Amino acid sequence: MPESKGATAKADAIVIGAGLAGLVATAELVAAGKRVIVLEQESEANLGGQAWWSFGGLFLIDSPEQRRMGVHDSHELARQDWFASAEFDRDEDIWGKQWAEAYLAFAAGEKRAWLHEKGVRFFPVVGWAERGGYTATGHGNSVPRFHVTWGTGPGVLAPFIKAVRAGVEAGLVELKFRHRVDELIVSRKAVVGASGSVLAPDDAERGAATSREVVGDFSIRAGAVIVASGGIGGNHDLVRAAWPEWLGTPPAKMLSGVPAHVDGRMLAISEKAGANAINGDRMWHYVEGITNFAPVWAQHGIRILPGPSSMWFDASGSRLPIPLFPGFDTLGTLEHLRSTGHDHSWFVLTQSIIEKEFALSGSEQNPDLTGKSVRLLLRQRLGKGATPPVEAFKSQGEDFVVADTLDELFAGMRRLSPDVELDTTNIRHEIEARDRELDNTFSKDAQITALRGARTYRGDKLIRVAKPHKILDPAHRPLIAVKLHVVTRKSLGGLQTDLDARVLDAAGKPISGLYAAGEIAGFGGGGVHGYRALEGTFLGGCLFTGRTAGRAVAAQL
């Protein structure tokens, strides 16, 4: 039942947001015997937030999984990659740098053992995301570090949901769904609680838009408040307002990689209470988005996790420059494509490539991994054909063109994008020239060199990178073109925090009683990633900041 108007409750701590960071923080508080009220504007169906929808990728350093795959990683190498990618260059990055050092130590140290003790397990093949393609001091992962959780996003969440549920049973946790925070309560420059609106019950499925009808209000006081409400990716107006100049103009059309309730409301609410929000112009959006043919939320986009073999063309038919190959540099590719004046681009590939190299981001798009089914995994990943979710998009997705000849492929591409003049002569020329390079075991085409190099890694050769072949070889047909869109995803900036997750004010001083974790904290310090991420670091950032905030609050109370 909703609280009556003006009702007041008390707790040791309030956690705002029932996503991964909030659940981890709550679990830590429960372990310390503290009483916690969790406030979540959505229904119980959305417990776990964005993490539930994720592929479950986690960044680990020198793990047993890496070593078994022949990967030699180290803390020093990972630090080299992180700081080269982050390019910290602002005075306000002072805490982001310190969080980066702390997180790298965590990922190279106790992170895996901590998760393993909670029952989290990993798929044995480590993925190689954000490969970079520049020099050793440039952006990207020097080695594979993307560990897919057995059970994907739900598998990451499971131990923390279990701990929070146990807290409910023990009388330590109250889960208050449909409670939207509208204000942080401040008394004598300290945050002492939160107040807001009780929203009408809504039985919409997970991720779907819910009613904003207000049926009551609430006011809750506590010894500390942890804000763990996520980012802005579901609010395209905020994304466009924060869009950085170096990425050009924001797209007129974008897909949403997160539900609409990822709305960024708590940023402004926290700022009103004195919090310092920084690096709002740092963000992480993908350029391999495809329209979901069975959308759960408005403008629902799914990201293709591509292998390196597809040929990539801009909207008019020019091949993307080196090293902007699939899976190499997310924001570098976004920056280039924004300079073309168009909102979409194209993959051109073969059936053999889609079978080996296309994975779709999201727990719901990977039923074998999410369902922890070895039999299904072996059939889908190692058997003939692409996975059923990929084949479903190929046959039903509005962004796919499938054809037996180039002329038929070009006709389909024109149908999907009639307003942009497509230089099919150049596309044909690029494909034919690329195919000639495969007559030798050596090549001046950097993409061919890159994919041959990728196949020296056991994991890529086994399940991720197709054997090099000519695009126009009839044995590998049909030909496929995929229209790609920008799909919103993560905020890289947020509330500035110190290493105890305490929110800082504009003068750099901690605000008494206020803590932040997860995406709203820029995954630590208001921007642990700097300008670019190495992938697998978003869920990990929620785990680390949530754990830190929960433990810090428990120690303070």
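Quantities reported herein were computed from a predicted structural model and do not represent experimental measurements.

*Asks:* Any chance you could break down the side chain of Lys394 for me, citing the residues and the numbers?
*Replies:* Within the fold, Lys394 resides in helix H13 (residues 388-396). For Lys394, a relative accessible area of 15% translates into the label buried. Apart from the residues lying within four places of it in its own chain, the contact partners of Lys394 are Gln351, Ile354, Phe400, Val402 and Ile480.

*Asks:* Requested: an account of the pattern of salt bridges, with residues and values cited.
*Replies:* Inspection of the entire model under this criterion finds 31 salt bridges. We note a salt bridge from Arg145 to Asp81, for which the minimum N-O separation is 2.8 Å. Placement of the pair is Arg145 in the loop between helix H5 (111-117) and strand E4 (146-148) and Asp81 in helix H3 (residues 75-86), with a sequence separation of 64 residues. A relative accessible area of 0% means that Asp81 is categorised as buried. Measuring nitrogen to oxygen at the nearest pair gives 3.7 Å for the salt bridge that ties Glu430 to Arg319. Of this pair, Glu430 sits in helix H15 (residues 424-436) while Arg319 sits in the loop between strand E13 (311-314) and helix H9 (330-338); the two residues are 111 residues apart in sequence, bridging distant segments of the chain. Here the residues in one salt-bridge network are Glu65, Arg68 and Arg112, joined through shared partners.

*Asks:* Talk me through the side chain of His285; I want residue IDs and the actual numbers.
*Replies:* With respect to the helices and strands, His285 occurs in strand E11 (residues 283-291). Among the residues examined, His285 registers a relative accessible area of 2% and is labelled buried. A polar atom in the side chain of His285 sits 3.1 Å from the backbone nitrogen of Arg489. Setting aside chain neighbours within four positions, we find His285 in contact with Val239, Trp243, Thr330, Leu331, Leu334, Val486, Val487, Thr488, Arg489 and Lys490.

Conventions and cut-offs
Residues numbered from 1 in each chain as written. Predicted model: local features only at pLDDT ≥ 70, side-chain atom pairs only at ≥ 80, totals over all residues. Heavy atoms only, no water. Helix = DSSP H or I, 4+ residues; strand = E, 2+ residues; numbered from the N terminus. Buried < 20%, exposed > 50% of the residue type's maximum accessible area, 1.4 Å probe, protein only. Contact = heavy atoms within 4.5 Å. Salt bridge = Lys/Arg side-chain N within 4 Å of Asp/Glu carboxyl O. Polar contact = N/O pair within 3.5 Å; in protein donor to acceptor, adjacent residues only side chain to side chain.

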